[in-house]
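Residues per chain are reported as follows:
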2 protein chains.
Amino acid sequence: MKRVLVTGAGGFVGQGLVQRLLQQPGLEQLVAVDRQLDAQALPWLRDRRVRAVAGDFAAPATLQQALAQPPDGVFHLASLPGSRAEALPDGGMAVNLLATAALWQRLAELPGPPARVVFASSIAVYGALPMEPAMHEDQPTQPLLSYGAHKRMAEILLADLSRRGGVDGLSLRLPGIVARPPSPTGHGSAFMSDLLHRLSAGEAYVCPVGPDARAWWMSLACCVDNLLHAAAIPPARLAPARVVQLPALTATVGEVVQAIAQRHGARAGRVDYRPDAQTEQHFGRFPVLHAPQAEALGFRHDGGLDALLRRAVP
Amino acid sequence: MKRVLVTGAGGFVGQGLVQRLLQQPGLEQLVAVDRQLDAQALPWLRDRRVRAVAGDFAAPATLQQALAQPPDGVFHLASLPGSRAEALPDGGMAVNLLATAALWQRLAELPGPPARVVFASSIAVYGALPMEPAMHEDQPTQPLLSYGAHKRMAEILLADLSRRGGVDGLSLRLPGIVARPPSPTGHGSAFMSDLLHRLSAGEAYVCPVGPDARAWWMSLACCVDNLLHAAAIPPARLAPARVVQLPALTATVGEVVQAIAQRHGARAGRVDYRPDAQTEQHFGRFPVLHAPQAEALGFRHDGGLDALLRRAVP
C-alpha cells in the first residue's frame, strides 16, 4: 500500500497502527483522520508523509479532504464505542452506521481499482456468547447492544459493496484490546486494561469480576499485526461474507493476575476481587474461541500470557 | 389498531392489505403512502378514513405529513425491488436502508406507546438457499444481492430499535407473492405470477424454468392474512431477533401446471418449458421449508395448491 487512509487515527488502536504503517517500506502518504489531532501528543503527525485531517469523518468536507487523493488502503477504526453509543443512540447510528456507509459509498465512487478496506468490527456482533466451553468463529450473530447491531449491519454492507466491486473490504471482529490508557473511553471491557496497568505498576486494583472470569485478550501490537496482515490478503482468499473473527487468547482473570505476579514478583500490585454481576455477565463468561479459518488466513493471537504482558504492558 | 400507516400502499401487496384493513372493525384512520396514488385506479382512496400521502416516504416533508398523527400500527412495504435495486445501487441503498431507517427513527421519537411496525422483509436475505431437500427457518443469512443485504440490515435495525423500546417491530420474510399483475416490477420471481395468469387465462406460456423447478408459493390473500396476524401478536411472544420466516407452500412448476390443468381442464393454457440457467438457479431450487416457530406463532401458508390457485387467480 502506498496511499493509506486511517480513520480514528488518534485513538488507541489508530495510534499504534499509524506508527507501524510509517515503518512500512513504500508508504508514500498516510491520511490520518480524527475529530482532534494534537501534534503535541502525536509526534508522528510531523512525518512528511502524514496528512492530518481533523474533523468528523462523517462530514462531507472532511470526507472530501480525506479522499482528495484516492487511497489504495483504508483502515476504518473510527467509532462511537459500545456504552457511549448505547447512551447516545442517534450518535451511535450516525457514526457507526450512517457515516461509515457514506465513507464506503464515496470510496466506491472513486476512480481506479477498489481500495482494500479493513474495518474494525467487534465481537459485540455476537451478543451473548454461548455458555458452552468453546465457541466457533461461525457463531451466529445476535447483537444485544446498538453498537453490535450497527457493526453487524456495516459488515453486511461492506460485503455487499465488495461483491459489487466498488471496494475490496474485510471486516475484522476485534476482541478487547489491551492495555488501553486509563481514561474512560466507553469500552465496557476497560477493566481488563486497568487490571494490567495497575498490577504491573505495583498498585492495588479493585476488580469488578472474579478470578474465574474468562475473557479474550489481545495486545495492541498483536492487533496491529492483524490489521496489517488483513490489508495484504489477496481478495480471492476471502469468503463472500468478508468477515474474519480474529483469534484471541482465552484466559481467566486469575491466570492473568498470576502471570503478572510471576513477571513482577513482589513488585506486582494486589488485586481485590469485588465481582459486579453485570460486568461478569457481559465480559467474564467468554468460551474458548476456535477460529481455524482465521488462522488458515494467517491471523494470530498473542500466543501466550507472557507474550501478551510483554507487549501489552512493556 | 385504530390508526394505521401503510407505506407502499399502491403496490401489489399494499393494495391487498389496505382493502382488508378497511374491513377491520375499529379502524379510524389509514394513512396510505406511496410515490403515486391514483384515485381512479384505487377506489379505496375515497374511503373517508383514508388519508393519502403521495410522495417519496424518504422525504422529510412526506414523513412529516404521514406521521402528523402518531400511528399505533405501521406496515412498511415500500421498497425498491431486487433487480431494480441491483441496477440502481444508490437508489436501493437510499430506499431499502436509509429511508427505512429514517422512518423508524422518526417513529421511535413519537410520543405514546411504541407502534407495532410490521416490516416486509424478504427471503432474499438468505442468498443461495441450501441444496439440501429441506431448510429450517433458522437458516443463516448470506445475501447475494444488495436488496437482500439491505433487508437484512433493516431487520437488525428494527430488532435493535424494538429492544430500546422506541418501536415494537416484527420483520416478516416474504416469499414471492402471486399472482402479481404482469407489469415488470423488478421482482426476479415474476415468472411465477406470469405462469399462473397465462395458463389460467387459457394462453400459452414460455416458462424460463423446467417442470422440476421447485419454488415457494404464497397467494396475496394469504400474505395479507399473515401481515394482519403479525400486527396482533403480543410483543412478549416475539424472540429478540424479531424476525419471522413465513411458512410457504413448496411446489414444483410441474405440480402447479398440473393443478391448473385439473382446475380448468381443456381451457388451461399450454406451457412450453425453455429453462434459463440463471432463473433456475435463483428461483427454481427451493428446498422444503420448515418453519415450526412461525407456525407456533400462528403464521400459515395457503395449505395446498387448490387453495393457492383459488386465491391467487380467482
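Basis of the calculations
Residues numbered from 1 in each chain as written. Chains lettered and ligands numbered in written order. Predicted model: local features only at pLDDT ≥ 70, side-chain atom pairs only at ≥ 80, totals over all residues. Heavy atoms only, no water. Contact = heavy atoms within 4.5 Å. Buried area = accessible area lost by both parts, 1.4 Å probe. Salt bridge = Lys/Arg side-chain N within 4 Å of Asp/Glu carboxyl O. Least-squares fit on C-alpha atoms with pLDDT ≥ 70 in both. Helix = DSSP H or I, 4+ residues; strand = E, 2+ residues; numbered from the N terminus. Buried < 20%, exposed > 50% of the residue type's maximum accessible area, 1.4 Å probe, protein only. Pairing = 2+ DSSP bridges. Axes fitted to C-alpha atoms, helices over the stretch in contact; angles between N-to-C directions. Phe/Tyr/Trp six-rings, centres within 6.5 Å; stacked < 30°, edge-to-face > 60°. Domains from an automatic or database assignment. Expected span 1.5 Å × (residues − 1). Arc of directions from axis to C-beta. Core = buried A, V, L, I, M, F, W, Y, C linked by side-chain atoms within 4.5 Å. Parallel < 35°, antiparallel > 145°, perpendicular 65-115°, else oblique. Left-handed = near helix turned anticlockwise from the far one by under 90°. Nonpolar A, V, L, I, M, F, W, Y, C, P; charged D, E, K, R; others polar.

Thoughts on the interface of chain B and chain A
With 26 residues of chain B at the interface, the matching set in chain A holds 25 residues. Of the roughly 2,000 Å² buried where chain B meets chain A, counting both sides, 54% is carbon and sulfur surface. Among the residues chain B hides against chain A, the three largest losses belong to Met153, Ile156 and Arg164 of chain B. Together they make up 26% of the total. Put simply, chain B and chain A have four salt bridges between them.

So, the relation of the copies chain B and chain A
Laying chain B over chain A is done by rotating through 180° and shifting 0.0 Å along the axis; what remains is an RMSD of 0.0 Å. What the rotation and shift describe, once combined, is the action of a two-fold rotation axis. Distance from the rotation axis, computed per C-alpha, reaches its smallest value in chain B at Met153 of chain B: 2.5 Å. Looking at chain B, 96% of its interface residues are interface residues in chain A too, so the copies touch through the same face.

Some remarks on the environment of Arg310 of chain A
Residue and element names in this part refer to chain A. Along the polypeptide, Arg310 turns up in helix H11 (residues 305-312). You can call Arg310 exposed: its relative accessible area is 51%. Linking Arg310 and Pro234, residues 76 residues apart in sequence, is a C-alpha distance of 31 Å.

Some points on the sheet that holds strand S10 (residues 214-219) of chain A
Residues and elements named next belong to chain A. If you walk across this open sheet you meet the three strands as S8-S10-S12, and the pairing is mixed. Across the chains shown, the open sheet's two edge strands, defined by having one partner strand only, are strand S8 (177-178) and strand S12 (249-252). The pairing of S10 with S12 spans four bridges and is classified as antiparallel. The residue bridging Trp216 from the neighbouring strand is Thr250, located in S12. The strands that helix H6 (residues 190-200) touches are S8 and S10; relative to S10, the one it contacts most, it runs at about 70°.

Examining the side chain of Asn96 of chain A
Tracing the sequence through the fold places Asn96 of chain A in helix H4 (residues 89-109). The contacts of Asn96 of chain A, once residues within four sequence positions are left out, are Ser79, Leu80, Ala85, Tyr147, His150 and Ala154 of chain A.

A short note on the packing of aromatic side chains
Any two aromatic rings considered together are summarised by their centre-to-centre distance and by the angle between their planes. Residue and element names in this part refer to chain A. Counted by the stated rule, this structure contains four aromatic pairs over all chains. Between Trp216 and Phe286, the aromatic rings sit 5.0 Å apart at their centres with planes inclined by 80°, giving edge-to-face as the arrangement. Residue Trp216 is found in strand S10, and its partner Phe286 is found in the loop between helix H9 (277-283) and strand S14 (288-290); the two are separated by 70 residues along the sequence. One exposure class covers both Trp216 and Phe286, and it is buried.

Side note on the domain arrangement of chain A
Residue and element names in this part refer to chain A. The domains assigned to chain A are domain 1 (3-175 + 218-245) and domain 2 (177-216 + 248-289 + 303-312). Each of domain 1 and domain 2 was reduced to a C-alpha centroid, and the two centroids are 26 Å apart. Counting from both sides, the interface comprises 26 residues of domain 1 and, opposite them, 19 residues of domain 2. Buried area between domain 1 and domain 2, both sides added, is near 1,900 Å², and the carbon and sulfur share of it is 65%. Summed over the three residues of domain 1 that lose the most area to domain 2, namely Phe12, Pro175 and Met218, the buried surface amounts to 30% of that side.

Observations regarding helix H8 (residues 253-264) of chain B
Residues and elements named next belong to chain B. Between its terminal C-alpha atoms H8 stretches 16 Å, which fits the 16 Å expected from twelve residues at 1.5 Å a residue. For H8, the complete set of buried residues consists of Val253, Val256, Val257, Ala259, Ile260 and His264. End-on, the buried residues of H8 take up no more than an arc of 160°, which puts them together on one face. Looking at the packing, one finds that the buried side of H8 touches helix H6 (190-200), strand S9 (205-207), strand S10 (214-219), strand S12 (249-252), strand S13 (271-273) and helix H11 (305-312). Where H8 terminates, the next one or two residues include Gly265, which has phi positive at roughly 60°.

Some thoughts on the nonpolar core
Of all hydrophobic cores here, the largest spans 66 residues; its most connected members are Leu5, Trp104 and Leu107 of chain A together with Leu5, Trp104 and Leu107 of chain B. Among residues more than four places away in sequence, those in contact with Leu107 of chain A are Leu67, Pro71, Val74, Val117, Gly166 and Val167 of chain A.

Here's the deal with the packing of H6 of chain A against helix H8 (residues 253-264) of chain A
The angle between the axes and the distance between the axes are what describe a pair of packed helices. Residues and elements named next belong to chain A. Two numbers describe how H6 lies on H8: the axes approach to 10 Å, and their chain directions differ by 25°. By the criterion of interaxial angle, the relationship of H6 to H8 is roughly parallel. Remark: the crossing between H6 and H8 carries right-handed chirality. Between H6 and H8, the residues in contact are Phe191, Leu195, Leu196, Leu199 and Ser200 and Val253, Val256, Val257, Ile260 and His264, respectively. Its residues placed into classes, the contact of H6 with H8 shows eight nonpolar, two polar and no charged.

Remarks on helix H1 (residues 12-21) of chain B
Structural remark: α-helix, 3.6 residues per turn; residues separated by three or four positions point the same way. All names here are of chain B. Counted residue by residue, H1 has seven buried out of ten residues, so it is predominantly covered. Burial in H1 covers these residues: Phe12, Val13, Gly14, Gly16, Leu17, Val18 and Leu21. In this fold, the buried residues of H1 make contact with strand S1 (3-7), strand S2 (29-34), strand S4 (73-76), strand S8 (177-178) and helix H7 (220-232).

Looking at the environment of Ala251 of chain A
All names here are of chain A. Structurally, Ala251 can be placed in strand S12. The exposure class assigned to Ala251 is buried, which follows from its relative accessible area of 1%. For the pair formed by Ala251 and Arg214, sequence separation is 37 residues and the distance between their alpha carbons is 5.5 Å. Not counting residues within four places of it along the chain, the set of residues in contact with Ala251 comprises Ala213, Arg214, Ala215, Trp217, Val256 and Leu305.

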